[in-house]
Amino acid sequence: MTQCLACLVNSGEQSPPGGVIWNDGLWQVDHRVHPCPTLGWLIVKPIRHVEFFDDLTPEEASRFGSLLKRVTAALRACLPESPVKVYTILFAESADCPHIHFHVVPRMKDHPVEFRGPHVFGLSGDIATDEIEQLAQRLRSELSGSPA
């Protein structure tokens, strides 16, 4: 591995569309980088490079559940249309990103049946950056107003 994509995004060396949505010093949330087949496909990841969930510090682990709950609620509140489901997925096996990162993916009612569950990674398309930026701003506002 030459560079870890999550570390590049966390350090600001690579910018996700819409910018950083949330960063509390332990966890960062941003929109998936291009190509992104659906609006609201978020990435939640620890700031420091971690490759196994059980390697999280006690503080990182204790913040994870409440952050994921808040991110899911914010996503449901801020999307133009409410998703049917919101998936949380961890694989972290790509060659450019062994850093654990959680895909938080809204399944919209118009997503074809064959792309449900883990098959969501088969969706194609690329959401326009301006749409992502608008959603990211709404999410930042929603998350800044919600309790820790």
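Our structure's up above, just so we're on the same page.
The text that follows walks through the structure, step by step, so that each part is easy to find. Just so it is clear, the structure is predicted and the values come from calculations on it, not from any experiment.

A few words now on the side chain of His103. With respect to the secondary-structure elements, His103 resides in strand 5 (residues 102-107). Here Trp41 takes part through its side chain, which lies 2.8 Å from a polar atom of the side chain of His103. What His103 contacts, discounting residues up to four positions off in sequence, is Trp41, Leu42, Ile43, Tyr87, Thr88, Ile89 and Phe121.

This brings us to the side chain of Lys45. Mapped onto the elements, Lys45 comes out in strand 3 (residues 42-46). Among the residues examined, Lys45 registers a relative accessible area of 2% and is labelled buried. Within the local environment of Lys45, its side chain forms a polar contact with the side chain of Asn10, the two groups lying 3.3 Å apart.

What follows deals with the sheet that holds strand 4 (residues 85-90). The antiparallel open sheet is built from five strands, whose spatial order is 1-2-3-5-4. The sheet terminates laterally at strand 1 (20-23) and strand 4, the two strands that pair on one side only. Pairwise comparison of adjacent strand axes, ignoring direction, gives a mean angle of 20° for this sheet. Bridge count between strand 2 (residues 27-31) and strand 3: five bridges; the pairing is antiparallel. The residue of strand 3 that forms the bridge with Asp30 is Ile43. Each of strand 1, strand 2 and strand 3 is contacted by helix 3 (residues 129-145), which is oriented at about 25° to strand 1, the strand it contacts most.

The rules behind the values
- Residues numbered from 1 in each chain as written.
- Predicted model: local features only at pLDDT ≥ 70, side-chain atom pairs only at ≥ 80, totals over all residues.
- Heavy atoms only, no water.
- Helix = DSSP H or I, 4+ residues; strand = E, 2+ residues; numbered from the N terminus.
- Polar contact = N/O pair within 3.5 Å; in protein donor to acceptor, adjacent residues only side chain to side chain.
- Contact = heavy atoms within 4.5 Å.
- Buried < 20%, exposed > 50% of the residue type's maximum accessible area, 1.4 Å probe, protein only.
- Pairing = 2+ DSSP bridges.
- Axes fitted to C-alpha atoms, helices over the stretch in contact; angles between N-to-C directions.

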